[in-house]
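Here is how the chains run, residue by residue.
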Amino acid sequence: MNRLNRYIPATAWLKEYTRGDMQTDMMASIIVTIMLIPQSLAYAMLAGLPPAVGLYASILPLIAYALFGSSRTLAVGPVAVVSMMTGTAALQFAAPNTAEYLSVVILLAAVSGLFLLLLGLFKLGFLANLLSHPVISGFISASAILIALGQVKHILGVKASGHNLIEMLESMWHNLADTNLTTLVIGVGAIISLHLLRKYFKGILMALGLSSHQAQLASKAGPVLVVVISTLIVAMMKLDQTGVKVVGEVPSGFPPLALPNMDFNLIMDLLPAAILISIVGFVESVSVAQSFAAKRRQSIDPNQELVGLGAANLSSAFSGGFPVTGGFSRSVVSFDAGAKTPMTGVFTALLILLTLSFLTGAFYYLPKAVLAATIVVAVVQLIDVKGFLEVWRYSKQDASALIATFTVVLLAGVEAGIITGVSLSLLLFLWHASHPHIAVVGRVAGTEHFRNVERFQVETNKEVLTVRIDESLFFANARVLEDKITQLVAQNKEVKDVVLMCTAVNMIDASALESLEMICERLHSTGIHLHLSEVKGPVMDRLKGSTLISHLSGNIYLTQNQAFEDLCRSKG
């Protein structure tokens, strides 16, 4: 049973599921559904797909994640950044809103799902750590700008295209004269309304007598209110006949279940985009899941999250959807609504299925400008100026990775931006690792603590040189340690013993081991003994199988204080 719980986490919480949990989850699912329906329609449009596909991607994926995901609060479905990446990738192979385009997107969801599933099964979730926080911040902020700019064409009612900032601006500028004033009024009105509702709707509801919690939840229905009012206005005034683009007919009924077209050549072409979509989606999802799990003193398993998201994306592909992941705003609503278990997702999926079966006619006159406004208002919140300023103040190197990612995403596209950010982060890491902090240390008087001689008043012995390296030893920094010790010994002619303090050394690779043997040999040839202190157990276990121990000219001490006292005593 434990193994079953591990692979299908739903079996664990279902055993404890109560009637009270069901009532709470059902109420939460109603609130999440109200928010999810306009989001799903909007994000499908963002991905270059018919609106109905957004609803398809919000049914089976929710059920699959409920079975295989480890978070009890995460709400899965279409999200802005992944939708944009999906559209960017698919545009290289087909024109939007065509059967070929939909086929590419479905295959992209399948490849992404398989990749996530493989990462989870082989417990490779750590690979997502290659995307550092500054890189993610720069990527999301730039993507938010591109997403918002990409929706301006729907608010203006013009045709425009482009994959980066310059192309989009040029395309819209050339078509600006074709702006539909009615569409512009609807779009701008929707943006203003959504902003005001986001800012003041909760206060208005509280003034009407609702509690703070009730008003908080009810305020999430603000976008639905804008959607309903704008749809009624367009329908009653026949504005679709004046050039206002509307959603039109949305097919009703259950999503079409079918296997994706497994074209091997196309799979290989889509693989880079699928990998990037998978990793970005996983990083966003797992960070949201961890934050909410901590609030309820629960835990998540990142590798199981990979399996859950992989199953969700495969389910989306089999039901005619596009790539999905865990969404922050949707999860916040679910959490605030009191969702107890992933059954909230199952109930939400059923409600969306009912909507597809009986309410699709209500979407006919929904203006695309309003969906675009919904996206703009949502993604503007993702532009993190405050976060950039904090990173800049703390670390100029990390800020450079953020700026590079941000700039390349804007000017060259999403994939190039992520690759640039990851590459720069790895280069910065290697630079830091290859320039370790190495300090000469001495004993703080009256204690057994050893500190940097340049920062503290410490006790030293002119014949004993203690060097502390604050980094694991490996090929990138081993030569630096060699050069530093050679330099220090040359500057201190009276040194008879060198102690390498290994407090921060968690690993010594083969290159570093060779360097230590070289240091030992060089020192020994000048009559100086090399000693080691505070070597960690796992590192010592590795060293025992090497020739360094037998060739070491000095001793290995348990503590630095023990080494200092022993060597000072031997000097008389």
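Up top is the structure these notes are about.
First, a word on what this report is: a plain description of the structure on this page. None of these values were measured; they are calculated from a predicted model. (Residues numbered from 1 in each chain as written. Predicted model: local features only at pLDDT ≥ 70, side-chain atom pairs only at ≥ 80, totals over all residues. Heavy atoms only, no water.)

Before going further, it helps to examine the overall build of the protein chain. Scanning the protein chain from N- to C-terminus turns up 25 helices and 9 strands. Out of the 572 residues in the protein chain, the part that is buried amounts to 51%. Across the protein chain, every contact between residues at least 6 apart in sequence was considered, and the portion connecting residues at least 24 apart equals 79%. Of the accessible surface of the protein chain, which amounts to about 27,000 Å², a share of 62% is contributed by carbon and sulfur atoms. The averaged location of the 37 negative side-chain charges in the protein chain is 8 Å from the averaged location of its 38 positive side-chain charges. (Helix = DSSP H or I, 4+ residues; strand = E, 2+ residues; numbered from the N terminus. Buried < 20%, exposed > 50% of the residue type's maximum accessible area, 1.4 Å probe, protein only. Contact = heavy atoms within 4.5 Å. Areas by Shrake-Rupley, 256 points an atom, 1.4 Å probe, with all protein chains shown as cover. Lys, Arg positive; Asp, Glu negative; His and termini not counted. Charge placed at Lys NZ, Arg CZ, Asp CG, Glu CD.)

Judged by nonpolar contacts, the single largest core of 114 residues is most densely connected at Leu49, Met85, Leu131, Phe139, Phe322 and Ile418. Per-element accounting of this core gives the leading share, 16 residues, to helix 13 (residues 264–295). Setting aside residues up to four positions removed in sequence, Leu131 forms contacts with Ile136, Ile279, Val280, Val283, Ile418 and Val422. With 30 residues, the next largest nonpolar core counts Ala512, Leu516, Leu523 and Leu532 among its residues. (Core = buried A, V, L, I, M, F, W, Y, C linked by side-chain atoms within 4.5 Å.)

This next bit is on the packing of aromatic side chains. Aromatic ring pairs: the centre-centre distance and the angle between the two ring planes describe each pair. Tallied over the full model, the rule gives 7 aromatic pairs. Ring centres of Tyr364 and Tyr365 lie 4.9 Å apart, and the angle between their planes is 70°; on these two criteria the pair is classed as edge-to-face. A relative accessible area of 26% places Tyr365 in the partly exposed class. Taking 5.6 Å as the distance between ring centres and 75° as the angle between the ring planes, the aromatic pair formed by Phe450 and Phe564 counts as edge-to-face. (Phe/Tyr/Trp six-rings, centres within 6.5 Å; stacked < 30°, edge-to-face > 60°.)

Our next topic: the pairing of strand 3 (residues 438–444). With 5 of 7 residues buried, strand 3 lies mostly within the body of the structure. Where strand 3 lies against strand 6 (residues 464–469), 3 bridges are found, and the strand directions are antiparallel. Considered in strand 6, the bridge of Val440 is made with Val467. Two strands pair when backbone bridges link them, and strand 3 and strand 4 (residues 450–452) are joined in this way by 3 bridges, in the antiparallel orientation. Looking across to strand 4, one finds that Arg443 is bridged to Phe450. Between the end of strand 3 and the start of strand 4, which pair antiparallel, lie 5 residues, with Gly446 showing a positive phi angle near 80°. With 2 bridges connecting them, strand 3 and strand 5 (residues 458–459) associate as antiparallel partners. From the neighbouring strand, Val444 faces strand 5, where its bridge partner is Val458. (Pairing = 2+ DSSP bridges.)

Taken together, the side chains of Val188, Ile192, Leu196, Tyr200, Ile204, Leu208 and Leu210 present a nonpolar region at the surface, about 640 Å² in accessible area. Along the chain, the position of Ile192 falls in helix 10 (residues 181–207). (Patch = residues over 30% accessible without salt bridge, like charges linked within 9 Å, V, L, I, M, F, W, Y side chains within 5 Å. Salt bridge = Lys/Arg side-chain N within 4 Å of Asp/Glu carboxyl O.)

Counting buried residues along strand 7 (residues 497–501), 5 of its 5 residues qualify, which places the element largely inside the surrounding structure. What you see with strand 7 is no split at all: Asp497, Val499 and Met501 on one side and Val498 and Leu500 on the other are buried throughout. Bridge analysis of strand 6 against strand 7 gives 5 bridges, and the strand direction is parallel. Within the sheet, the bridge partner assigned to Val467 lies in strand 7 and is Leu500. For the crossover from strand 6 across helix 21 (residues 478–491) to strand 7, the handedness is right-handed. (Right-handed = clockwise from strand over helix to strand, strands pointing away.)

Moving on, we get to the environment of Lys245. Mapped onto the elements of the fold, Lys245 is located in the loop between helix 12 (222–237) and helix 13. What Lys245 contacts, discounting residues up to four positions off in sequence, is Thr183, Leu366, Pro367 and Lys368.

Among the residues making up helix 15 (residues 328–336), those that are buried are Arg330, Ser331, Val332, Val333, Ser334 and Phe335. Elements in contact with the buried residues of helix 15: helix 3 (19–46), strand 1 (76–77), helix 11 (212–218), helix 13, strand 2 (325–326) and helix 16 (343–358). Phi turns positive one or two residues past the end of helix 15, at Gly338, with a value near 90°.

Put simply, helix 13 and helix 14 (residues 302–318) touch, their axes get as near as 11 Å, and they point 120° apart. In terms of axis orientation, helix 13 runs oblique to helix 14. Two packed elements cross with a definite hand, and for helix 13 against helix 14 that hand is right-handed. Across from Phe282, Ser285, Val286, Ala289 and Gln290 in helix 13, the residues of helix 14 making contact are Pro302, Glu305, Leu306 and Leu309. Residues that form the contact of helix 13 with helix 14 fall into these classes: 6 nonpolar, 2 polar and 1 charged. (Axes fitted to C-alpha atoms, helices over the stretch in contact; angles between N-to-C directions. Parallel < 35°, antiparallel > 145°, perpendicular 65-115°, else oblique. Left-handed = near helix turned anticlockwise from the far one by under 90°. Nonpolar A, V, L, I, M, F, W, Y, C, P; charged D, E, K, R; others polar.)

Okay, the environment of Leu116 next. On the secondary structure map, Leu116 appears in helix 7 (residues 99–121). Residue Leu116 is classed as buried on the basis of its relative accessible area, which comes to 3%. Once the C-alpha coordinates of Leu116 and Val234 are considered, the two residues, 118 residues apart in sequence, prove to be 42 Å apart. If sequence neighbours within four positions are ignored, Leu116 has contacts with Ser278, Phe282, Leu306, Val307, Leu309, Gly310 and Asn313.

Another point: the pattern of salt bridges. With the rule as written, the count across this model stands at 7 salt bridges. Between Arg443 and Glu459 there is a salt bridge, with the nearest N and O atoms lying 3.1 Å from each other. In this pair, Arg443 is assigned in strand 3 and Glu459 in strand 5, connecting sequence segments 16 residues apart. Assessed through its relative accessible area of 33%, Glu459 is described here as partly exposed.

So, about the side chain of Asp497. Residue placement: Asp497 occurs in strand 7. Looking at Asp497, the relative accessible area reads 4%, which means it is buried. A polar atom in the side chain of Asp497 sits 2.7 Å from the side chain of His531. Apart from residues lying up to four places away in sequence, Asp497 is in contact with Glu463, Val464, Leu465, Ile528, His529, His531, Leu567 and Lys571. (Polar contact = N/O pair within 3.5 Å; in protein donor to acceptor, adjacent residues only side chain to side chain.)

Right, let's get into helix 22 (residues 510–525). Given a rise of 1.5 Å per residue, 16 residues ought to cover 22 Å, and the 23 Å separating the end C-alpha atoms of helix 22 matches this to within 8%. Where helix 22 is concerned, the buried positions are Ala512, Ser515, Leu516, Ile519, Cys520 and Leu523. All buried residues of helix 22 project into a common sector of 140° when viewed along the axis, lining one side. Of the exposed residues in helix 22, those oriented more than 90 degrees away from the buried face are Ala510, Glu514, Glu521, His524 and Ser525. In this structure, the buried residues of helix 22 make contact with helix 21, strand 7, strand 8 (529–533) and helix 24 (548–551). Structurally, the start of helix 22 carries an N-cap: the backbone nitrogen of Ser511 is 3.2 Å from a side-chain oxygen of Asp509. Trailing helix 22 by a residue or two, Gly527 shows a phi angle of about 85°, which is positive. (Expected span 1.5 Å × (residues − 1). Arc of directions from axis to C-beta.)

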